[in-house]
Amino acid sequence: MAANAVKITRTVKPLISKTPGDARVRVLSLYKAWYRHIPYMCKDFDINTDINECRDHLRKNFKKNAHLKDIRVIDMLVVKGQQDLKEVVEHWKQPTHIMEKWFVKETEKEKPKDFISKFLAGMD
Amino acid sequence: MFAVRGARVFSRLAGAWAGQMKIVEHVPKLAAVKLFHVFNTAQQGLLVKPAMGHPAWRDLTVVRFMSTQGDVESRVLNVCKAFDKISADKVTLNAHFINDLGLDSLDHVEVIMAIEDEFGFEIPDEHAEKLITPEHIVKYIIESQDANP
């Protein structure tokens, strides 16, 4: 049964790009635009982390989605990235938004683990 | 009185400057950031200070001569060597960024950005993804210099 399994494909309407090459160019343009904007972002929003750390973070976020193959999903993520970039460029975001999205580890408060800290924090 | 004197001084300077006009060529107005960057890095031959007393803003014209192939090659290789993810001894003209030098596609984009910064002009993305060895980059730069003198 498994040996005779046929790969089922469907034809679907494209979101924006029609070929993987197209999608790739869009992803790399987005990376370039963000990379160039990061120094300005750190200056505008007064973010004290090193610029290279921000760039590493950018690269990690891009790599997180590197395994995707569906062009429509890639397109959608690129559009979301572009929206994000627009919001940062136009200063519609605030520093808190950027910190929570990019540097979550630094801003997260540790959750209490032992009984007495949990009690004091009000957790049952 | 002052205006007359100022005018005479200005015309003297302008005359001296006009003498320099032969070698200095006004490039199309680049974005302020880029022009400033070009001015600051003072690459070999890219910015020439005429040896005469004049205010600093007079120096904002950039000399653009036809770079020779050797020039362009050495600059491209220097950029590649300065890139921290590439080991300097592996860089040759035909070293493939991804196969030989072990970069990935995001690193490749960063290298192209460094080249853009060095030469002061934008490389559109459809062309950028085809430039996968320093040889290609050198050819592309010379071609685009021929197209936009």
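Let me begin by describing the structure that accompanies this report. (Residues numbered from 1 in each chain as written. Chains lettered and ligands numbered in written order. Predicted model: local features only at pLDDT ≥ 70, side-chain atom pairs only at ≥ 80, totals over all residues. Heavy atoms only, no water.)

## Notes on the pattern of salt bridges
Close approach of charged atoms lets side chains of opposite charge pair. Taken as a whole and assessed by the stated rule, the structure comprises 17 salt bridges over all chains. A salt bridge links E116 of chain B to R36 of chain A, with the nearest nitrogen and oxygen atoms 2.4 Å apart. Placement of the pair is E116 of chain B in helix α4 (residues 105–119) and R36 of chain A in helix α1 (residues 20–44), with the two residues belonging to separate chains. Looking at R36 of chain A, the relative accessible area reads 29%, which means it is partly exposed. Between R72 of chain A and D70 of chain A there is a salt bridge, with its nearest N and O atoms 3.5 Å apart. Accessibility expressed as a relative area gives 35% for D70 of chain A, which makes it partly exposed. (Salt bridge = Lys/Arg side-chain N within 4 Å of Asp/Glu carboxyl O. Helix = DSSP H or I, 4+ residues; strand = E, 2+ residues; numbered from the N terminus. Buried < 20%, exposed > 50% of the residue type's maximum accessible area, 1.4 Å probe, protein only.)

## Things to note about the nonpolar core
Among the nonpolar cores identified, the biggest contains 25 residues, and Y31, W34, M41, L58, I98 and W102 of chain A are the most heavily contacted of them. With 9 residues, the single largest contributor to this core is α1 of chain A. (Core = buried A, V, L, I, M, F, W, Y, C linked by side-chain atoms within 4.5 Å.)

## What about the interface of chain B and chain A?
Taken together, the contact pairs 14 residues of chain B with 12 residues of chain A. Taken over both partners, the interface formed by chain B and chain A buries close to 1,400 Å², and the fraction arising from carbon and sulfur atoms is 52%. Looking at the side of chain B facing chain A, the largest losses of area belong to L106, M113 and D125 of chain B, adding up to 42% of the total buried there. If you look at where chain B meets chain A, you find 9 salt bridges. On inspection of chain B and its partner chain A, the count reaches 12 residue pairs in polar contact (both at pLDDT 80 or more). (Contact = heavy atoms within 4.5 Å. Buried area = accessible area lost by both parts, 1.4 Å probe. Polar contact = N/O pair within 3.5 Å; in protein donor to acceptor, adjacent residues only side chain to side chain.)

## Details of a nonpolar patch on the surface
A surface patch of nonpolar side chains, about 330 Å² in accessible area, is lined by L15, I16, M76 and L77 of chain A. Here M76 of chain A is to be found in helix α3 (residues 71–89). (Patch = residues over 30% accessible without salt bridge, like charges linked within 9 Å, V, L, I, M, F, W, Y side chains within 5 Å. Areas by Shrake-Rupley, 256 points an atom, 1.4 Å probe, with all protein chains shown as cover.)

## A few points about the packing of α1 of chain A against helix α2 (residues 51–64) of chain A
Residues and elements named next belong to chain A. Remark: α1 packs on α2, axes separated minimally by 10 Å, with the N-to-C direction vectors making an angle of 155°. Relative to α2, the element α1 is oriented roughly antiparallel. Both α1 and α2 take part in a crossing whose hand is right-handed. For the pair α1 and α2, contact is made by V27, L30, Y31, W34, Y35, I38, P39 and C42 and by I51, C54, R55, L58, R59 and F62, respectively. Along the lines of polarity and charge, the residues of the contact of α1 with α2 split into 12 nonpolar, no polar and 2 charged. (Axes fitted to C-alpha atoms, helices over the stretch in contact; angles between N-to-C directions. Parallel < 35°, antiparallel > 145°, perpendicular 65-115°, else oblique. Left-handed = near helix turned anticlockwise from the far one by under 90°. Nonpolar A, V, L, I, M, F, W, Y, C, P; charged D, E, K, R; others polar.)

## Considering the packing of aromatic side chains
Residues and elements named next belong to chain A. Tallying each qualifying case throughout the model produces 4 aromatic pairs over all chains. An angle of 40° between the planes, with centres 6.0 Å apart, marks the rings of Y31 and Y35 as tilted. A residue pair is termed a helical-turn pair when its members lie 3 or 4 positions apart in one helix, as Y31 and Y35 do in helix α1 at 4 residues. An angle of 50° between the planes, with centres 5.3 Å apart, marks the rings of W34 and W102 as tilted. With W34 in helix α1 and W102 in helix α4 (residues 95–102), the pair connects residues that are 68 residues apart, well separated along the chain. Side by side, W34 and W102 carry an identical accessibility label, which is buried. (Phe/Tyr/Trp six-rings, centres within 6.5 Å; stacked < 30°, edge-to-face > 60°.)

## Remarks on unusual backbone geometry
Residue and element names in this part refer to chain A. Non-glycine residue D46 carries a positive phi angle of around 60°. With respect to the helices and strands, D46 occurs in the loop between α1 and α2. For D46, a relative accessible area of 61% corresponds to the exposed category.

## Side note on the side chain of H108 of chain B
Residues and elements named next belong to chain B. Relative to the assigned elements, H108 resides in helix α4. Judged by its relative accessible area of 5%, H108 falls in the buried class. In contact with H108, other than residues within four places in its own chain, are F97, A128, E129, L131 and I132.

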